[in-house]
Amino acid sequence: MLWQIVVGGVATGCIYAVVGLGFTLVYRTLRMVNFAQGHVFMAGTFLGLLLATRWQFPAVSLLVAVAVAAYGIGLLLDRWIFRRLYHDHVVFVVGTIGLGIVLQNAVRLFFPEPVPFPKVFGERIVVLGSARFQVSYVWVVALTVLLVALLHALFAYTRVGRAMRAVAADPEIAGTVGVKVPRAIGQTFGLSFAVAAVAGVLIGPLYFVSFDMGDMVGLKAFCAAVLGGINSIPGTIAGGVLLGLLEALAAGYVSSAYKDLVAFALLLLMLAIRPTGLLGYETPVKV
Amino acid sequence: MRPRSKSDTARGRRWGFLGLLGVLLGAPGVLPTYIVHIGVFVFIDTLPVIGLGILSGYAGRVSLAQGALFGVGAYTTALLTTRLGWPALAGFVPAVCVAVLLGIVLGAPALRLAGLYFVMATIGIQQIIWIVLMNWGPVTGGSQGIRSIPAVTFGPVVVESPQAFYYLALGAALGSYLLSRRVLASRLGLELRALCDDELAARASAVSVTRAKVVAFALSAAWAGAGGFLYAHYVRYIHPEMFTLEPSILFLTMSIFGGARSLEGMLFATGILESATEYLRPLGEYRMIGYGLLLLLGMMFFPRGILSLFVRQPGTGPAAPAPAADEPAVR
Amino acid sequence: MKHVAIVAALVLVLVSGGVSESGAAAPIKLGVVAPLSGPGTSYGLGIKQGAEMAVDEINKAGGVGGRQIQLVVVDDASNPGQSVTAMQRLVNQDAVDLVIGGWGSSQVLANMEVSERAGVPNIVVGATNPKITTAKNKWTFRVIQTDSVQAKEIAKIGVQVLGLKRIAVINDSNDYGVGNKDAFLEAMDELKQKPVEIQAYNSSDKDFTAQLTRIKAANPDGLAIFGTIPGAPAIMNQARDLGITARFIGTGGLANENLITLAPKASAGTVLTTLFHEDVDADGRAWADRYTKLFGGGSQPARPVLAAWEYRTIRFIAQPCLQKAGTDKGKLRECIATWKGKVFGVPTEVHFDETGQLVQESVLVEVKDGVFAAYKRK
């Protein structure tokens, strides 16, 4: 029984981790939190739904197509919307809240009820020891690992990635050494959208998709990012998996009703003890 | 034409204010009950919004726990009046006090956090309070909510109908507006503005920063609790679903939408946003999209707040700027 | 500040002008509060469709006493706070003569305070919490069975008819789920059986692995699910994935066609108490066919279950009472309280008891071959 719970927890945790990455990427670069992130995740799922049902995209091309499309949309939204918002914290918060509401209700117009997602990863049940689960779970974990590897490669070895890191470290100086800062910021948004959308496609076959699925996931992913360190990519991943695991364990062994409490209690605890998270690198300076 | 002197502007403001007040007082006589009902909600909401405004616009801390604290005030008075049979008015002080107490207990450790980290902490507080309200069945009634909350009575007068409650709520809104102006004009207000603009300098100028922050948070919680009290005795049935992150976000957007540091702006914004879900009904299915667009476009094009359209804001300080890349998480 | 005052005054004038109420209108106004967004959407749509169908038919046949019925539907977004405002709107703004509808116990408990205080008859078709109909609530009636009745019924079926010996329970932690669970446990107690495992979940949960793993460990032969869409079908799917072979049983929350759409394989064999089934009698069948022709085939599947009660309430209860008592609210209330009659889909005659609850026998269905099939008690 424990093993079954662990498997479920890790898979959910990976989803929190990947969506949380979206928060982290934006935060590192702009020190802002995109409140529409959870809804981007949801929109990504629906985009995947459309591609999978209308044009029968198989698994891999579906993931790639959604990622690319989301990236493009992220760039566009940065150009049209985010650029006008990120000059100020609170404006960004309220603005992205509004964006989230628009996204959610736009999807609701077309899909007012939960819809099943085609089983693009197959319907096989995998048995591992005493645990039984859908093969989709394997994809979730595998893709999370792949994603982290790809991102690492991006940031370490490509110009685009290095430019984004430079902007994250210090936008002013990055500008002076020739980095086109607004473009790098746009790319960061694109990446954060792509990542969330991919998470959406991964989770689609596991549960039903509905327009309100972004709310809780967004919130938990946010907690995961804070838990692991919102300015650290490995931290966010660790935070996500840890959160998913602890939540599942709490649900299984303590009380399923209060399991949401786990996420938020952890959040508060972490903020009280170590605000920068498990692996965050900013050292708190008490002045 | 001689240039407008300061006393002219002040007199202009006073007349404007009285004029507005007159309009508001006369409204229930003219308007249909349903609109008056919306008006009641607008006035009730101004309380938590003003509380938030003190915290964010003046102390520079954004809180997303206001919805939960509003709920705490509502539940306190609801429980006292339905379980212990207290008269409605007697629930006011406890509602405020419990909200303040809970706010300080949960919020104090978070106050040393800066900017975004503080927001995150308040989200945590909001959710935890909500989860407890939802699941602690024996005390809060859990998902059944609390029914048949009695109405506020002043002797023989039962304040029940939208029209009657309108005046009570208007009075409360007016009172909190005036009260908050007093507070902000006082030394505390000065301290809050100082610590918002530059915490380091404030500390250096002998401003007791921690005390000021705690007091600001306590005030915002108090206002939230008072608002919750009114809500409980108007709607007469409360349920945890009414105090989720959603109203917290709503209150926050109301306090920002009107422009930081402008009490009048906040009231105006509350009026616009609260009634939005209703006057947007003609949009039918697109109602909520319209609401989201209102927020989004408002922030994109009027970052200084919607009131800046009408009134030139005298010396409004810049809204809290984004911290620099190397700014520490904790101050 | 001066400018603000002027703007406010202008707004006031515009608003009051735009919303001026015309005098007492000739049509009879029927109000409906229903969720057309949020988690209750699929149920709310059914209510709306049932109302539209009934009102259309009545109006085409000449209305009631020569007066047409005007239907006013207000969306409460499955939210108790908004439901209060929605009811306020119906009662004050639209000045409806009576209200028929309502879904979700939390919403109805909230909005009925308004209709009770205003003295407007309110017949509830979609909320099962027992507290809604009490002797104190003079103006509130309800046509569907309460949790207690449905849960007791399914407990009896589970133990005595299906012969289940190890029943596990999983319920939503909202008042619907908890209310059903409590009534179920009471009934199980009377039947001298104890559930082997009880788990709860939150309405917004998507993953039930933790709860289901514990349930699996208890080795049940039956699983009672007290929840609504989308939780219930998700639970069914995940339970089967985990290798739980227990038979599913449940009450009205499962009575939604979407259950089968979302859990096509897993839901097979589920037995539940429902609110309507077209095979109970020929009239029911005829109505269901008419309804499907009107509303089926669109992008949304037709949902006769809640629509049926809305339709029946308007046609068989509201219409004759409006005919007899006109729109005097007091007389209307009297008429409803003393109403008795036969409606299609319910085998015996029905009437309202002293708390305003319609007393009736449950209708049972089983999920077979991808549809709800009538289930005969042996």
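Basis of the calculations
- Residues numbered from 1 in each chain as written.
- Chains lettered and ligands numbered in written order.
- Predicted model: local features only at pLDDT ≥ 70, side-chain atom pairs only at ≥ 80, totals over all residues.
- Pairing = 2+ DSSP bridges.
- Helix = DSSP H or I, 4+ residues; strand = E, 2+ residues; numbered from the N terminus.
- Axes fitted to C-alpha atoms, helices over the stretch in contact; angles between N-to-C directions.
- Buried ≥ 20, exposed ≤ 12 C-beta atoms within 10 Å, placed from the backbone.
- Arc of directions from axis to C-beta.
- Contact = placed C-beta atoms within 7 Å.
- Nonpolar A, V, L, I, M, F, W, Y, C, P; charged D, E, K, R; others polar.
- Left-handed = near helix turned anticlockwise from the far one by under 90°.

A. Molecular detail of the sheet that holds strand β9 (residues 247–250) of chain C. All names here are of chain C. The 7 strands lie next to each other as β7-β6-β8-β9-β10-β14-β15, forming an open sheet whose pairing is mixed. Here the strands that pair on one side only, and so sit at the sheet edges, are β7 (197–201) and β15 (371–374). Mean inter-strand twist for the sheet, computed between neighbouring axes without regard to direction, equals 30°. Pairing between strand β6 (residues 167–172) and β7: 5 bridges, direction parallel. Within the sheet, the bridge partner assigned to asparagine 171 lies in β7 and is alanine 200.

B. Region of interest: helix α6 (residues 159–169) of chain A. All names here are of chain A. All of the buried residues along α6 are Ala163, Met164, Val167 and Ala168. Considered in projection along α6, the buried side chains sweep an arc of 140° and stay on one side of the axis. Residues of α6 that are buried in the fold lie against α1 (2–30), α5 (135–157), α7 (171–176) and α8 (181–203).

C. Representation of the environment of alanine 169 of chain A in the model. Tracing the backbone through its elements, the reader meets alanine 169 of chain A in helix α6. The exposure class of alanine 169 of chain A is partly exposed, given the 13 C-beta atoms found within 10 Å.

D. Expanded view of the interface of chain C and chain A. Counting residues at the interface gives 25 residues for chain C and 24 residues for chain A. Of all elements in the fold, only α2 (41–60), β7, α7 (209–217), α8 (231–242) and α9 (257–262) of chain C reach the threshold of two or more residues within the side of chain C that touches chain A. The greatest single-element share of the side of chain C that touches chain A, amounting to 6 residues, is contributed by α7 of chain C. Looking at the side of chain C that touches chain A, its residues break down into 9 nonpolar, 12 polar and 4 charged.

E. Representation of the packing of helix α11 (residues 259–273) of chain A against helix α5 (residues 115–135) of chain B in the model. Running from N to C, α11 of chain A and α5 of chain B cross one another at 145°; their axes reach a closest spacing of 9 Å. Remark: the crossing between α11 of chain A and α5 of chain B carries left-handed chirality. Of the residues in α5 of chain B, those touching α11 of chain A at Asp260, Leu261, Phe264, Ala265, Leu267, Leu268 and Leu271 of chain A are Tyr117, Met120, Ala121, Gly124, Gln127, Ile128 and Ile131 of chain B. When its residues are assigned to classes, the contact of α11 of chain A with α5 of chain B shows 11 nonpolar, 2 polar and 1 charged.

F. The arrangement of unusual backbone geometry in detail. Residue and element names in this part refer to chain C. Across the junction of isoleucine 229 and proline 230, the peptide omega takes the value -5°, indicating a cis bond. Of note, proline 230 is situated in the loop between β8 (222–226) and α8. In this model, alanine 77 sits at a positive phi of 55°, which is unusual for a non-glycine residue. Within the secondary structure, alanine 77 is located in the loop between β2 (69–75) and α3 (80–93). Residue alanine 77 is classed as buried on the basis of its C-beta count, with 21 C-beta atoms lying within 10 Å. Backbone geometry places asparagine 219, a non-glycine residue, at a positive phi of 55°. Within the secondary structure, asparagine 219 is located in the loop between α7 and β8. Overall, the presence of 13 C-beta atoms within 10 Å leaves asparagine 219 in the partly exposed class.

Worth remembering: the numbers are spatial, not functional.
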